[in-house]
Number of protein chains: 2
Amino acid sequence: MKFIKNFEISIKLSPMKRKITLKQIARELDVSISTVSKALSNSKEISEDTTKKIQAFAKLYNYKPNNIALSLKNRKTKTIGILIPEIVHHFFSTVIRGIELIANRRGYNVIVGLSNESFTKEIINMEMLANGSIDGFILSISKETLLKQDYHHFNATINQGMPIVMFDRVVNEVDCDKVIVDDFNGAVKAVKKLIDNDCNHIGLITTMDYVSVGRLRTQGYVEALETSGIDANSDLILKIDDSLDVENHLEILENEIAQFFKTNKEIDGVFAVNELYAVTAMKVARKLGLSIPDDIQVIGFTDGVLSKHATPSLTTVSQHGQKIGEQAANLLIDRLEASDAESDQYFTNDERKTDFIKVVIETEIIERESTK
Amino acid sequence: MKFIKNFEISIKLSPMKRKITLKQIARELDVSISTVSKALSNSKEISEDTTKKIQAFAKLYNYKPNNIALSLKNRKTKTIGILIPEIVHHFFSTVIRGIELIANRRGYNVIVGLSNESFTKEIINMEMLANGSIDGFILSISKETLLKQDYHHFNATINQGMPIVMFDRVVNEVDCDKVIVDDFNGAVKAVKKLIDNDCNHIGLITTMDYVSVGRLRTQGYVEALETSGIDANSDLILKIDDSLDVENHLEILENEIAQFFKTNKEIDGVFAVNELYAVTAMKVARKLGLSIPDDIQVIGFTDGVLSKHATPSLTTVSQHGQKIGEQAANLLIDRLEASDAESDQYFTNDERKTDFIKVVIETEIIERESTK
DNA sequence: ATTCGTAACGAAAACGTTTTCGTGTTAACA
DNA sequence: TGTTAACACGAAAACGTTTTCGTTACGAAT
């Protein structure tokens, strides 16, 4: 077999085999590029002899089509972009796992960007990826963006023909498919459970209202109380300012909660909008000499490692992060493959605002030792 | 301004603006593609007038070069592939955060694949990404691969000219840059601390030996004892079979540890090779009526959420996952940019086996409440 | 002997860039 | 007036594919 020069040289000098291309195969076998391409896709245009020869050669040199070239030609990359605020976070990484599972199964790759809760990083990341690198986005909005209420970058991306699926932290101002947790009803369920367990003074530990999930869970708390004929006492609601990340200001959190307990000694149940608040509440309660669940029962939101392995283990509202990721991925890929089946059908429809889907994932209460 | 047909149509029917290309700009402005390209890169070949006009038009239509086309032309994608066993895992997600930080800073994207501890998925993922989608890999080997000791896919990838950086779970059989934790010395430090704290009978809770990090930490445990004149008693070593994932078989773990404590009542210190084992040991000890740290002191490995928020909080050996990720990313990108500076210099060097770097990240003991 | 059909293949365009190498025009210079 | 140099721009190749549309040759049918 003869080789083109460069190829031969590189073989001699090292065991390195650069990826072989159609052009190289064509030269070696003295046929045209088109013939090689057709033979490898088993086109019946090519004779059986030639096909066999080409396929054997390709296999020998482990030919695999170049993805980038394919992407350019097909104008689709078969990869989806994930843009989330934070990755060292049980919920978000669980969602990624769900996305990756479905994506892989359906032949897609995932590329992740982290906004780090920053508006600017969110925009930069989107622009970096929106220029051909991906076919669509799955994202959860950063806190800063939620505060600013500036969503132009999402709409701009959508207007460029790139579909977006939002999950968890979503917003009405953007028209796209959404996958959300039933935060409201999850909270209702949790608080009802506390009520059923004979708690009479249920405290709420929540975040500031601009994070929609915090707001919804707070509303659920109020709702559950009211339908049970209890009126929500604002003294029993503790709002934590999480603009600074709490992980590194644990003492502040502990002090606030301790103060909360001390000034509201009647509290016999606590609902916290996340795992950390719940676990910290348990810790603080114990330091104050209260026993769980006898003196205070606690339920958290988000079923992560902490809930499972805390002592006592924590009763939580599970969000099914993986399901969320799977749904989001399926939604996005469905949209992608529908739009290239009949490319204009979808986009020329003037009423497309109404066509978007909002999937609500039901929550589930996982009972553990922090409730009776 | 006149428009080419397709573009005009799409504008009329919807507010959607498909990404504009050089070719379209060229047609609108009645110049050639090359002129547009040059004008946008401020080439002095182009007159000031033309340049201004083109740049204004490009800005108006928000032109951004297509990444895929650039990748094809430059034969590099500016994205790096991460391949890890699991993402819902504090350590691994921390590493990703470190990688993403550096990658972003240096103009790279990251695409993640999950092997899910499976040999086959590892290979499939690698092949999927190695065909042009990425410029290099950062990876940690799956358990199944470690068991099989089959590393041909790594070497094959390297031989195709794609650099790999391995972290944490690495292996001598593959020649590449590596970033590892100083597992051995971390374990030594931890056990020495227990000895200094007057523990006389230190138990070890570890994994099976095929996971190198488990093996190294075990060796560190033995080493620390021996240099202190204590001989390691194999009764005090509990090896957990984690071939099935432990998260879902918590009771098995608890029972084994309970049995371990009951048959070795003299234990007054425990070193566990991960967070979960350590926290579970604390939980079991308490159930047995032992108090921490008075009766038993505990140190774990891996500083995650559990350690920080357990009660009592856990003294651990921190691995600095983010540092590991940052180092790995820098190593990989350095290698990538060096190799395209002088493309053959590096690869034609026959002694390149010796050129690879192994970075060891020092561990650090974080003292909390589980030790005196 | 001419037409036709078909089998087997090649040329070329297209995807969106960048870059090298022309080429034509104009002004300056001898 | 003829030569040259600078200027401003365009054509085309290249990256690696797929696919459409030829084109050739040859046997069969008229």
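Each remark here, short or long, concerns the structure printed above.
Residues numbered from 1 in each chain as written. Chains lettered and ligands numbered in written order. Predicted model: local features only at pLDDT ≥ 70, side-chain atom pairs only at ≥ 80, totals over all residues. Heavy atoms only, no water.

Colleague: Outline the interface of chain A and chain B, supporting the account with residue identities and numerical values.
Modeller: Taken residue by residue, the interface counts 64 residues in chain A and 64 residues in chain B. Carbon and sulfur atoms make up 55% of the surface buried where chain A meets chain B, a total of about 5,800 Å² over both sides. Summed over the shared surface of chain A and chain B, the result is 4 salt bridges. Measuring nitrogen to oxygen at the nearest pair gives 3.6 Å for the salt bridge that ties B:Glu86 to A:Arg97. Ranked by residues supplied to the side of chain A that touches chain B, first place goes to helix α6 (residues 90–105) of chain A with 7 residues. Among the residues forming the side of chain A that touches chain B, the class breakdown is 25 nonpolar, 24 polar and 15 charged. Direction of pairing for strand β2 (residues 109–114) of chain A relative to strand β2 (residues 109–114) of chain B: antiparallel, over a ladder of 3 bridges. Each residue of the ladder has a partner; that of A:Val112, found in β2(B), is B:Val110. (Contact = heavy atoms within 4.5 Å. Buried area = accessible area lost by both parts, 1.4 Å probe. Salt bridge = Lys/Arg side-chain N within 4 Å of Asp/Glu carboxyl O. Helix = DSSP H or I, 4+ residues; strand = E, 2+ residues; numbered from the N terminus. Nonpolar A, V, L, I, M, F, W, Y, C, P; charged D, E, K, R; others polar. Pairing = 2+ DSSP bridges.)

Colleague: Run through the protein's contact with DNA strand D, naming residues and quoting values.
Modeller: In the vicinity of DNA strand D lie 27 residues, with A:Lys23, B:Thr35, B:Lys38, B:Glu45 and B:Thr50 positioned nearest. Of all atoms in DNA strand D that approach within 4 Å of the protein, 56% are sugar or phosphate atoms. Between B:Lys38 and DNA strand D, the recorded distance is 2.4 Å, taken from a side-chain N or O atom to a base oxygen. Here a phosphate oxygen of DNA strand D and a backbone polar atom of B:Ser47 are 2.8 Å apart. Breaking the surface near DNA strand D down by element, the ones donating at least two residues are α2 (22–29), α3 (33–40) and α5 (67–74) of chain A together with α3 (33–40) and α5 (67–74) of chain B. (Near = heavy atom within 4 Å. Polar contact = N/O pair within 3.5 Å; in protein donor to acceptor, adjacent residues only side chain to side chain.)

Colleague: Any details on the relation of the copies chain A and chain B? Residues and values, ideally.
Modeller: Superposition of the two copies of the chain requires a rotation about an axis and a shift along the axis. The two copies are related by a screw operation: chain A maps onto chain B through 180° of rotation and 0.0 Å of translation along the axis, at an RMSD of 0.1 Å. The transformation relating the two chain copies, once decomposed into turn and shift, fits a two-fold axis. Judged by C-alpha distance, A:Ile111 is the residue of chain A that lies nearest the rotation axis, at 2.0 Å. (Least-squares fit on C-alpha atoms with pLDDT ≥ 70 in both.)

Colleague: Hey, could you go over the nonpolar core for me, with residue numbers and the actual values?
Modeller: One finds A:Ile205, A:Phe261, A:Phe271, B:Ile205, B:Phe261 and B:Phe271 to be the most contacted residues of the largest nonpolar core, which totals 148 residues. The next biggest cluster of nonpolar side chains, apart from the first, holds 42 residues, and it includes A:Met126, A:Leu139, A:Met162 and B:Ile164. (Core = buried A, V, L, I, M, F, W, Y, C linked by side-chain atoms within 4.5 Å. Buried < 20%, exposed > 50% of the residue type's maximum accessible area, 1.4 Å probe, protein only.)

Colleague: An account of the sheet that holds strand β12 (residues 364–366) of chain B is needed here, citing residue identities and associated values.
Modeller: All names here are of chain B. What the 6 strands build is an open sheet, ordered β7-β6-β8-β9-β10-β12; its pairing is mixed. Strands with a single pairing partner mark the edges of an open sheet, and in this sheet they are β7 (237–240) and β12. Mean inter-strand twist for the sheet, computed between neighbouring axes without regard to direction, equals 20°. As judged from the 4 bridges shared by strand β6 (residues 202–207) and strand β8 (residues 269–272), these two strands associate in the parallel manner. Residue pairing in the sheet places Leu204 in a bridge with Phe271 of β8. Contacts from helix α11 (residues 212–227) reach β6, β7, β8 and β9 (297–301) within the one sheet, and its direction differs from that of β6 by about 165°. Sheet strands touched by helix α12 (residues 250–263): β6, β7 and β8. Its angle to β7, the strand with the most contacts, is close to 165°. (Axes fitted to C-alpha atoms, helices over the stretch in contact; angles between N-to-C directions.)

Colleague: Tell me about the protein's contact with DNA strand C, and name the residues and values.
Modeller: Not every one of the 27 residues close to DNA strand C is listed here, only the nearest: A:Thr35, A:Lys38, A:Glu45, A:Ser47 and A:Thr50. Counting only atoms of DNA strand C within 4 Å of the protein, the sugar-phosphate share comes to 57%. The set of elements that each furnish at least two residues to the surface near DNA strand C consists of α3 and α5 of chain A together with α2 (22–29), α3 and α5 of chain B. The greatest single-element share of the surface near DNA strand C, amounting to 4 residues, is contributed by α3(B).

Colleague: Just give me the short version of the side chain of B:Ser43, but keep the residues and values in it.
Modeller: All names here are of chain B. Relative to the helices and strands, Ser43 resides in the loop between α3 and α4 (48–60). We classify Ser43 as buried; its relative accessible area is 19%. Polar side-chain contacts of Ser43 include one of 3.1 Å to the backbone nitrogen of Glu45.

Colleague: Lay out the environment of A:Ile54 with the relevant residues and their values.
Modeller: Residues and elements named next belong to chain A. Considering the arrangement of structural elements, one finds Ile54 in helix α4 (residues 48–60). For the pair Ile54 and Ser37, spaced 17 residues apart in the sequence, the C-alpha separation amounts to 9.3 Å. Look past the residues within four positions of Ile54 in its chain and what remains in contact with it is Leu29, Val31, Thr35, Val36, Ala39 and Leu40.

Colleague: I'd like to hear about the pairing of β8(B), residue by residue, with values.
Modeller: All names here are of chain B. Alternating residues of β8 divide into Gly269 and Phe271 and Val270 and Ala272, and every residue in both groups is buried. By the bridge criterion, 3 bridges tie β8 to β9 in an arrangement that is parallel. Bridge pairing links Phe271 to Ile299 in β9. Where the polypeptide runs from β8 across helix α13 (residues 275–287) and back to β9, its parallel neighbour, the crossover connection is right-handed. (Right-handed = clockwise from strand over helix to strand, strands pointing away.)

Colleague: Break down helix α7 (residues 119–130) of chain A for me, citing the residues and quoting the values.
Modeller: Residues and elements named next belong to chain A. Given a rise of 1.5 Å per residue, 12 residues ought to cover 16 Å, and the 16 Å separating the end C-alpha atoms of α7 matches this to within 8%. Among the residues making up α7, those that are buried are Phe119, Glu122, Ile123, Asn125, Met126, Leu129 and Ala130. Angularly, the buried residues of α7 cover 165° about the axis, an arc narrow enough to put them on a single face. Between the side-chain oxygen at the start of α7 and the backbone nitrogen of Thr120 there is a gap of 3.3 Å, and the oxygen is on Ser118. (Expected span 1.5 Å × (residues − 1). Arc of directions from axis to C-beta.)

Colleague: Which residues make up the pattern of salt bridges, and what values do they have?
Modeller: With the rule as written, the count across this model stands at 30 salt bridges over all chains. Ionic pairing is found between B:Arg368 and B:Asp303, a salt bridge with its closest N-O pair at 3.1 Å. Of this pair, B:Arg368 sits in the segment after β12 while B:Asp303 sits in the loop between β9 and α14 (305–309), and the two are 65 residues apart along the sequence. Note on accessibility: B:Arg368 and B:Asp303 belong to one class, buried. Residues joined in a network through salt bridges with shared partners are A:Lys78, A:Arg106, A:Asp334 and A:Glu337.

Colleague: How would you sum up the packing of aromatic side chains? Please name residues and give values.
Modeller: All names here are of chain A. Counted by the stated rule, this structure contains 14 aromatic pairs over all chains. Residues Phe91 and Phe167 carry aromatic rings whose centres are separated by 6.5 Å and whose planes lie at 55° to one another, so their mutual orientation is tilted. Here Phe91 is found in helix α6, whereas its partner Phe167 is found in strand β4 (residues 164–167), with 76 residues between them in sequence. Exposure remark for Phe167: the relative accessible area of 0% places this residue in the buried category. (Phe/Tyr/Trp six-rings, centres within 6.5 Å; stacked < 30°, edge-to-face > 60°.)

Colleague: Would you mind going over the packing of α2(A) against α3(A) in detail, with residue names and values included?
Modeller: Residues and elements named next belong to chain A. At a minimum axis separation of 8 Å, α2 and α3 run at an interaxial angle of 105°. In terms of orientation, α2 and α3 fall into the roughly perpendicular class. Side by side, α2 and α3 meet where Leu22, Lys23, Ile25 and Ala26 of the first sit next to Ile33, Val36, Ser37 and Leu40 of the second. (Parallel < 35°, antiparallel > 145°, perpendicular 65-115°, else oblique.)

Colleague: Explain the sheet that holds strand β12 (residues 364–366) of chain A residue by residue, including any values.
Modeller: Residues and elements named next belong to chain A. The sheet built from 6 strands is open, its strands ordered β7-β6-β8-β9-β10-β12 with mixed pairing. Among the strands making up the open sheet, the edge pair consists of β7 (237–240) and β12. Adjacent strand axes in the sheet meet at a mean angle of 20° when their direction is disregarded. In terms of strand pairing, strand β6 (residues 202–207) meets β7 through 4 bridges, oriented parallel.

Colleague: Lay out the packing of α2(A) against α4(A) in plain terms, naming residues and giving numbers.
Modeller: All names here are of chain A. Two elements in contact, α2 and α4, have axes separated by 11 Å at closest approach and are oriented at 125°. As far as their axial angle goes, α4 and α2 are oblique. Judged by the twist between their axes, the crossing of α2 over α4 is right-handed. Counting all contacts with α2, which are made through Ile25, Glu28 and Leu29, the residues of α4 involved are Lys53, Ile54, Phe57 and Ala58. Of the residues contributing to the contact of α2 with α4, the split by class is 5 nonpolar, no polar and 2 charged. (Left-handed = near helix turned anticlockwise from the far one by under 90°.)

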